[in-house]
Amino acid sequence: MKKWLFLIVSLLFINMGISQEISAETIERDDFGHYFKGIEKGTFVLYDETNDQHLIYNLTQSEAKLSPCSTFKIYNSLAGLEYRVLNSKDQKTLKKWDGSPQPYDNWKKDHTLSSAIQNSVVWYFQELATQIGETRMQVFLNKINYGNKDISGGLTTFWLQSSLKISAQEQVDLIHKLYAGELPIKAKNIEILKKNITLYNQDGVHMMGKTGSGDQEGKWVLGWFVGVVEKDGNRYFFATNIEGRDGAYGGKAKSITFSILKELGITKE
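Before going into details, it helps to say that this report is about the structure given with it. (Residues numbered from 1 in each chain as written. Predicted model: local features only at pLDDT ≥ 70, side-chain atom pairs only at ≥ 80, totals over all residues. Heavy atoms only, no water.)

This paragraph deals with the overall build of the chain. If you tally the helices and strands in the chain, you get nine helices and seven strands. Counting the 269 residues in the chain, one finds 46% classified as buried. The long-range share in the chain, meaning contacts at least 24 apart out of those at least 6 apart in sequence, stands at 63%. Carbon together with sulfur atoms contributes 50% to the accessible area of the chain, which is approximately 13600 Å² in total. Side-chain charges of the chain comprise 32 positive and 31 negative groups, with the mean position of each set lying 6 Å from the other. (Helix = DSSP H or I, 4+ residues; strand = E, 2+ residues; numbered from the N terminus. Buried < 20%, exposed > 50% of the residue type's maximum accessible area, 1.4 Å probe, protein only. Contact = heavy atoms within 4.5 Å. Areas by Shrake-Rupley, 256 points an atom, 1.4 Å probe, with all protein chains shown as cover. Lys, Arg positive; Asp, Glu negative; His and termini not counted. Charge placed at Lys NZ, Arg CZ, Asp CG, Glu CD.)

Now the structure itself:
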């Protein structure tokens, strides 16, 4: 009798756990389509933590696995901190520019972790990935369950229109788990990341995010903006991506996101 009672109670707890995992309400917002006017493909995903609710524009696109481009710098930097390739004190994360040609003037100088992520300096994170190494990088991606976890495209290029892929829904789920402390990453390193991706923190609104852009034959074909807004004790996790034959880049994805967040009353800008 006791064994049967134990089995019944166990099954109830299992079922409760399953129902909690799938309990989040999903609301499709086709009305956000006007923000994507002229864009071939695009999606917006928002998870409202307090209300356990997803808002999604273009459900099909939100499930499409794409290159993360520079949004991967969020996790590249965390891997560097976790493996102590980077020091927790920013001034000790300095890497010297080797004088090689760079597409932007602000890349043609020495950078610390904070300046490199704020200016999206590719050479800095390529050097960081090299220092982390293929084995540790693969272990890290497996540990946090990042997208398809495929780094076969090369240690310094796998996140740049190459083998690594992740969907907008996966981006939101992953950064939510990161902020909720559900990933095996030290709290102090998460706090360093938060500081480095902060865009503004004023009037009770803390906006954090990272853009990413993918090019093909000199044309911008993919844009991302991924991040978090903390406001009034709630957190909103978001990811936007856009695709096109030209003109699809991170800055445009960021602009679309800000417009939607403003309409939702989450931000004022």
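The next subject is the packing of aromatic side chains. One pass over the structure, following the stated rule, counts 15 aromatic pairs. The interplanar angle of 65° and the centroid separation of 6.5 Å between the aromatic rings of Tyr 83 and Phe 140 together place this pair among those described as edge-to-face. Pair noted here: Tyr 83 is in the loop between helix H3 (73-82) and helix H4 (113-118) and Phe 140 is in helix H6 (residues 134-144), with a separation of 57 residues, a long-range link. Exposure remark for Tyr 83: the relative accessible area of 22% places this residue in the partly exposed category. (Phe/Tyr/Trp six-rings, centres within 6.5 Å; stacked < 30°, edge-to-face > 60°.)

Tallied over the full model, the rule gives 10 salt bridges. We note a salt bridge from Asp 173 to Lys 177, for which the minimum N-O separation is 3.4 Å. In this pair, Asp 173 and Lys 177 are both assigned in helix H7 (residues 168-179), four residues apart and thus about one turn of the helix distant. Judged by relative accessible area, Lys 177 falls into the partly exposed class, the value being 30%. Through salt bridges with shared partners, a single ionic network connects Arg 29, Asp 31 and Glu 263. (Salt bridge = Lys/Arg side-chain N within 4 Å of Asp/Glu carboxyl O.)

What follows covers unusual backbone geometry. You will see that Asn 145, though not glycine, has its phi angle at about 60°, which is positive. Along the chain, Asn 145 falls in the loop between H6 and H7.

This part takes up the sheet that holds strand E1 (residues 25-28). With respect to topology, seven strands assemble into an open sheet ordered E1-E3-E2-E7-E6-E5-E4, the strand pairing being mixed. Every other strand in the sheet has two partners, leaving E1 and strand E4 (198-202) as the edge strands with one partner each. Ignoring strand direction, the axes of neighbouring strands in this sheet form an average angle of 15°. Pairing of strand E5 (residues 205-216) with strand E6 (residues 219-231), which is carried by 12 bridges, proceeds in the antiparallel orientation. Note on E6: the bridge partner recorded for Lys 210 is Val 226. Lying over the sheet, H7 contacts strand E2 (41-48), strand E3 (53-57), E5, E6 and strand E7 (234-243), oriented at roughly 150° with respect to E7. (Pairing = 2+ DSSP bridges. Axes fitted to C-alpha atoms, helices over the stretch in contact; angles between N-to-C directions.)

With that settled, the discussion passes to the nonpolar core. Soluble globular proteins: nonpolar side chains tend toward being buried together. Judged by nonpolar contacts, the single largest core of 54 residues is most densely connected at Phe 72, Tyr 75, Tyr 146, Ile 175 and Leu 178. With seven residues, the single largest contributor to this core is helix H5 (residues 122-132). By size, the runner-up hydrophobic cluster in this structure holds 22 residues, among which are Leu 46, Leu 55, Ala 253 and Ile 266. (Core = buried A, V, L, I, M, F, W, Y, C linked by side-chain atoms within 4.5 Å.)

Counting buried residues in E2 gives seven out of eight residues, a clear majority hidden from the surface. In terms of strand pairing, E2 meets E7 through eight bridges, oriented antiparallel. The partner of Lys 41 across the bridge, within E7, is Glu 243. As paired elements, E2 and E3 share five bridges and run antiparallel to each other. Opposite Leu 46, over in E3, you have Leu 55 as the bridge partner. If you look at the hairpin formed by E2 and E3, you'll find four residues sitting between the two strands, and Asp 52 has a positive phi there, around 50°.

Following the sequence through the fold, Ser 162 ends up in the loop between H6 and H7. In sequence terms Ser 162 and Ser 152 are 10 residues apart; their C-alpha atoms lie 8.5 Å from each other.

The values reported here are purely geometric and, on their own, carry no functional implication.
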